[in-house]
Structures are given as structure tokens and as C-alpha cells.
Amino acid sequence: AVVGEEYGSSGHSQRRWILDPVDATRNYVRGIPVFATLIALEEDGDITVGVVSAPALGARWWASRGEGAFSGDRRLGVSGIRSLADAQLCHAGFEEWQEGGSADPLVALAKRCARTRGFGDFWQYMLVAEGAAEIALDPTVSLWDVAAPLVVVREAGGRFTDLAGVATADGGSAVATNGRLHDIVLARLGS
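A quick note: this is a predicted structure, and the numbers were derived from the prediction, not measured. Every chain is numbered independently, its residues counted from 1 as its sequence is written. At least 70 in pLDDT is required for a residue's local features to be given in this predicted model, at least 80 for side-chain atom pairs to be given and counted, and no such filter applies to totals for whole chains, interfaces and linings, which use all residues. Hydrogens and waters are ignored; side-chain quantities use all the structure's heavy atoms.

S.K.: Hey, could you run me through the pattern of salt bridges in this one?
M.R.: Should the charged atoms of two oppositely charged side chains come close, the side chains can pair. Only one rule defines a salt bridge in this text: a Lys or Arg side-chain nitrogen within 4 Å of an Asp or Glu carboxyl oxygen. Evaluated as defined, the whole model comprises five salt bridges. The residue Arg 15 makes a salt bridge to Glu 43 at a minimum N-O spacing of 3.5 Å. One end of the pair, Arg 15, is in strand β3 (residues 15-23); the other, Glu 43, is in strand β4 (residues 36-43), and 28 residues separate them in sequence. Throughout, exposure labels follow a simple rule: accessible area from a 1.4 Å probe, protein chains only, divided by the maximum for the residue type, with under 20% read as buried, over 50% as exposed, and the rest as partly exposed. Looking at Arg 15, the relative accessible area reads 46%, which means it is partly exposed. Here Glu 43 falls in the partly exposed class, since its relative accessible area comes to 26%. Ionic pairing is found between Arg 65 and Asp 46, a salt bridge with its closest N-O pair at 3.5 Å. Of this pair, Arg 65 sits in the loop between β6 (59-64) and β7 (68-71) while Asp 46 is found in strand β5 (residues 46-54), placing the two residues 19 residues apart along the sequence. Classification of Asp 46 as partly exposed rests on a relative accessible area of 41%. Put simply, DSSP marks the helices as runs of H or I at least four residues long and the strands as runs of E at least two long, and each gets a number from the N terminus on.

Structure follows, in C-alpha cells:
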């Protein structure tokens, strides 16, 4: 079975491929080299494999459940930061937070963090998996946007949920953290 942004859904099986051929399409169209192909494998309802390939960056990240997360020859690991005051927060475009009526909690959370950047899309999650950022937030996502990043973040030692705190890639929103800050972030966002 296959499900994807451009393909819809086809087939029924215990195994399902989840595809996003061009994540960050707007970046791609505008000539910004931060875009990727996302591939995930779901088995019996669990996402078990994720690959994030960013050709213009010359980067690829991958993970499989229980086997760790990697980029090149490097095993990935989230940061050990335990305080918002030391954390770097990445987020999707501010307009997306405004549309959902959740910009105020985002701004309040951002003010407690050491630094914020609006990287968005796949890259914010890879920064969390690499330990370069501690928090990645997106108020509006689809399954194919986050299935592959979810596996990479989790296998790097992080935590990945929707804004309600449910551990899923299909919840319509995404919160990825180094794990140590996850409950604090959810509480600050009003989950």
C-alpha cells in the first residue's frame, strides 16, 4: 500500500509506504535549497523506517525502529539541554500559527527560549535529531510531512507527538523535542 501527498492512497496491506516527493515545495519553487524527499514505512500501524533526503544540501538522514538514527557515517543524538532558557526553538511559518489562533502561546514559549528560528518543514526535525535544536513545532501537518522525521527524531533519542501530546504522525500537528523539554513545551502551548 502507498499513501502520499501527490498520490493519494492506494492498496491495502499490513505494510504501507508513506511518501512526500518534495517536502518544502515552496522552498523548492523559490530556489531555496532546503527541501527533501521523505519516505517512511508503516508496518501494522507503526512507522518503523524513515528516510529524509535533501539533495540540494547534500544531506540524508535515516532511521529504523530499534536501530538508531544516522546521517552519513554519524549516529545522531538529541541534545542534553534541560532548560528552555538554553533551548533553540524552530517553528513553521508564523502565518500558520496565526491562522490556527495559536500565535500567542508560540510567542510566549519563544520568549522563554534562548533562540528561535523559523526553519520549518523537515529541516527543523533533523536539527532536533542532530542535537542542534531542542524544539521543532508545526501547527498544521499531514502524515507524509512527518512520518519519516518522526522515526529519525525518536531513534535519535527525542520525542515526537502532536500538539495534544499524542505520539502520532497523523494528528494534524507536530511537536518534536529532545525529550527532556517535551512536557514543558506542551504545557506552555496549552496542550
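From this point, things continue past the structure.
S.K.: How do you make sense of the layout of surface pockets when you look at a structure like this?
M.R.: Space left empty within the atom packing is revealed by a probe, the size of a water molecule, rolled over the atoms. Residues are called lining when one of their atoms sits within 4 Å of a cavity or pocket point, these points coming from a 1 Å grid over the protein atoms alone, where a cavity is a set in which a 1.4 Å probe fits but cannot get out and a pocket is an open set with protein on both sides within 12 Å along at least five of seven lines. Grid points are joined across faces, edges and corners, and a volume is the space filled by probe spheres set on the points. Roughly 520 Å³ of internal volume is contained in the largest pocket. For the lining of the largest pocket, the class distribution of residues is nine nonpolar, eight polar and nine charged. Along the wall of the second largest pocket there are 15 residues; nearest its centre are Gly 45, Asp 46, Ile 47, Leu 150 and Arg 154. At the level of elements, β5 and α5 (143-155) are the ones that each hand at least two residues to the lining of the second largest pocket. Looking at the lining of the second largest pocket element by element, the count peaks at five residues for α5. Side-chain classes are defined by residue name, with Ala, Val, Leu, Ile, Met, Phe, Trp, Tyr, Cys and Pro counting as nonpolar, Asp, Glu, Lys and Arg as charged, and the others, Gly among them, as polar.

S.K.: It is not clear to me how the nonpolar core should be interpreted in this structure. Could you clarify?
M.R.: One recurring pattern in soluble globular proteins is that nonpolar side chains are buried together. Judged by nonpolar contacts, the single largest core of 38 residues is most densely connected at Ile 47, Val 52, Trp 61, Phe 122, Tyr 125, Val 152 and Phe 160. Of all the secondary structure elements, the ones that give two or more residues to this core are β4, β5, β6, α4 (121-130), α5 and β13 (174-177). Ranked by the residues each element gives to this core, the list is headed by α5, at eight residues. Not counting chain neighbours up to four residues away, the residues in contact with Trp 61 comprise Gly 50, Val 51, Val 52, Ala 54, Phe 70, Ser 71, Leu 76, Phe 122, Trp 123, Met 126, Glu 130 and Val 152. Residues belong to one nonpolar core when they are buried, are Ala, Val, Leu, Ile, Met, Phe, Trp, Tyr or Cys, and are joined through side-chain atoms within 4.5 Å. Among the nonpolar cores identified, the runner-up in size contains 17 residues, and Ala 87, Leu 109, Leu 163 and Leu 186 belong to it. Note on contacts: a residue pair qualifies if any of its non-hydrogen atoms lie within 4.5 Å across the two residues.

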